Amino acid sequence: MTRSIQIADQGSVRRIALNRPQVHNAFDDGLIAELTAALEQAGKDNAVRAVVLTGEGASFSAGADLNWMRGMASASEAENREDSLRLATLMRTLQYLPKPTIARVNGAAYGGGVGLVACCDIAIGVESARFGLTEVKLGLVPAVISPYVIHAIGLRQARRLFVTGELFDAPTALQIGLLHQCVPAEQLDDAVDTALALLSKAGPVAQAQAKQLALRMAGAHETHAEAIDRENAALIARLRVSEEGQEGLGAFLSKRPAAWSTAS
Ligand SMILES: C/C(=C\C(=O)SCCNC(=O)CCNC(=O)[C@H](O)C(C)(C)COP(=O)(O)OP(=O)(O)OC[C@H]1O[C@@H](n2cnc3c(N)ncnc32)[C@H](O)[C@@H]1OP(=O)(O)O)CC(=O)O
């Protein structure tokens, strides 16, 4: 069976690649489970000093798998909530991993893909990458990813991007703080290696503490994150089974414009 992620160790660096290139590395329940387990394992493994997250193929990640999400509409709201909570747990695991993490953004990142980038300590992307918090165009909201994205880019930028769903390029991602560095594709691996070399000079315990400290000082306490995730999972579950959510998902999957009813 093809795994939804690929894992390779280079010395003390664990490289994890999302491996569903045929759907631009969109994540379904299988990928979410595999990636969460791989991150938890990397977090506990003393031989791992840093984690690099990337995508196979042309994209980094197109976010949640819209086919999977649409299929879940026949499930109950409670099951949709549990499903969204699993995605929230993935984001939280990545954000609070006690090891430094690098997003190697090899291509497009949309929706939950932006969430993954935001959860990493360092984000380096190719100049050609495109980004979008496109959920509203699908009749959805960037729910479980919202705390992570807002912490990365700030409320002012997030409000605009959340309500417009506007696409943006890598230089803009750099300007708003989603990326730390934006490089030509042929320089991506060198840029990641340079960041890894810097990380390798620090004490691992201090590094883990520094990361938790930064998050706590910004008000992103892990203990609060779980409660916030539950609220956001409930919100997205309601939208996933709603008429508007179903119209947005159906329109994307059948490659037609969405026909929204007037807001009531
Ligand atoms: C986390 C939360 C919510 C979300 O993440 S919602 C998802 C947000 N993501 C998107 O809006 C991205 C949707 N995809 C695109 O806009 C484009 O596909 C692309 C990534 C820009 C690539 O465009 P391109 O023209 O190069 O390729 P195709 O569109 O022809 O795609 C090829 C193939 O892949 C399928 N696909 C793409 N993205 C997804 C996806 N997210 N889920 C499922 N499938 C996807 C696409 O349908 C094509 O399939 P075919 O069968 O070949 O037609 C919620 C929270 O925060 O709570």
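Residues numbered from 1 in each chain as written. Predicted model: local features only at pLDDT ≥ 70, side-chain atom pairs only at ≥ 80, totals over all residues. Heavy atoms only, no water.

An unreviewed UniProt entry lists the protein under the name Methylglutaconyl-CoA hydratase, from Dyella japonica. What the UniProt record of the protein gives under Sequence similarities (unreviewed entry) is the line "Belongs to the enoyl-CoA hydratase/isomerase family." (UniProt positions renumbered as here; feature names shortened; annotations may be inferred.)

Visitor: Explain the overall build of the protein here, please?
Guide: From N to C terminus, the protein includes 11 helices and nine strands. Rg of the C-alpha trace for the protein: 18 Å, near the compact-globule value of 18 Å for 264 residues, within the 12% margin. For the protein, the spread of C-alpha atoms along the principal axes amounts to about 55 × 45 × 40 Å. For the protein, the residues scored as buried account for 52% of the 264 residues in total. In the protein, of all internal contacts separated by at least 6 residues, the share reaching a separation of at least 24 is 74%. In the structure as shown, the protein presents an accessible area of about 12400 Å², 54% of it carried by carbon and sulfur atoms. Charge-centre separation for the protein: the mean point of 25 positive side chains lies 3 Å from the mean point of 28 negative side chains. (Helix = DSSP H or I, 4+ residues; strand = E, 2+ residues; numbered from the N terminus. Rg over C-alpha atoms; globule rule 2.2 N^0.38 Å. Buried < 20%, exposed > 50% of the residue type's maximum accessible area, 1.4 Å probe, protein only. Contact = heavy atoms within 4.5 Å. Areas by Shrake-Rupley, 256 points an atom, 1.4 Å probe, with all protein chains shown as cover. Lys, Arg positive; Asp, Glu negative; His and termini not counted. Charge placed at Lys NZ, Arg CZ, Asp CG, Glu CD.)

Visitor: Whenever I open this one, the pattern of salt bridges confuses me. Can you help?
Guide: For side chains of opposite charge, pairing can occur when their charged atoms come near one another. Summed over the entire model, instances satisfying the criterion amount to 12 salt bridges. For Arg104, the salt bridge goes to Asp189, with nearest N and O atoms at 2.8 Å. Here the residue Arg104 occupies a position in strand β4 (residues 101-105), and Asp189 occupies one in helix α8 (residues 188-200), the gap between them amounting to 85 residues. Under the relative-accessibility criterion, Asp189 is labelled partly exposed at 38%. The salt bridge partner of Asp121 is Lys211, with a shortest N-O separation of 2.9 Å. Highlighted residues: Asp121 in the loop between α4 (112-119) and β6 (122-126) and Lys211 in helix α9 (residues 204-217), separated in sequence by 90 residues. Judged by its relative accessible area of 8%, Lys211 falls in the buried class. Members of the salt-bridge network, linked through shared partners, are Asp9, Arg14 and Asp45. (Salt bridge = Lys/Arg side-chain N within 4 Å of Asp/Glu carboxyl O.)

Visitor: Help me understand the site of the ligand in this model?
Guide: In the region of the ligand, 24 residues are neighbours, and Ala62, Leu66, Gly112, Thr134 and Lys255 sit closest. Here Ala64 contributes a backbone N or O atom positioned 2.9 Å from an oxygen atom of the ligand. At 3.0 Å, a backbone N or O of Ala143 approaches an oxygen atom of the ligand. Contact with the protein chains removes 71% of the 1000 Å² of surface that the ligand exposes when unbound. Taken together, the residues of the shell around the ligand sort by class into 15 nonpolar, six polar and three charged. (Near = heavy atom within 4 Å. Polar contact = N/O pair within 3.5 Å; in protein donor to acceptor, adjacent residues only side chain to side chain. Nonpolar A, V, L, I, M, F, W, Y, C, P; charged D, E, K, R; others polar.)

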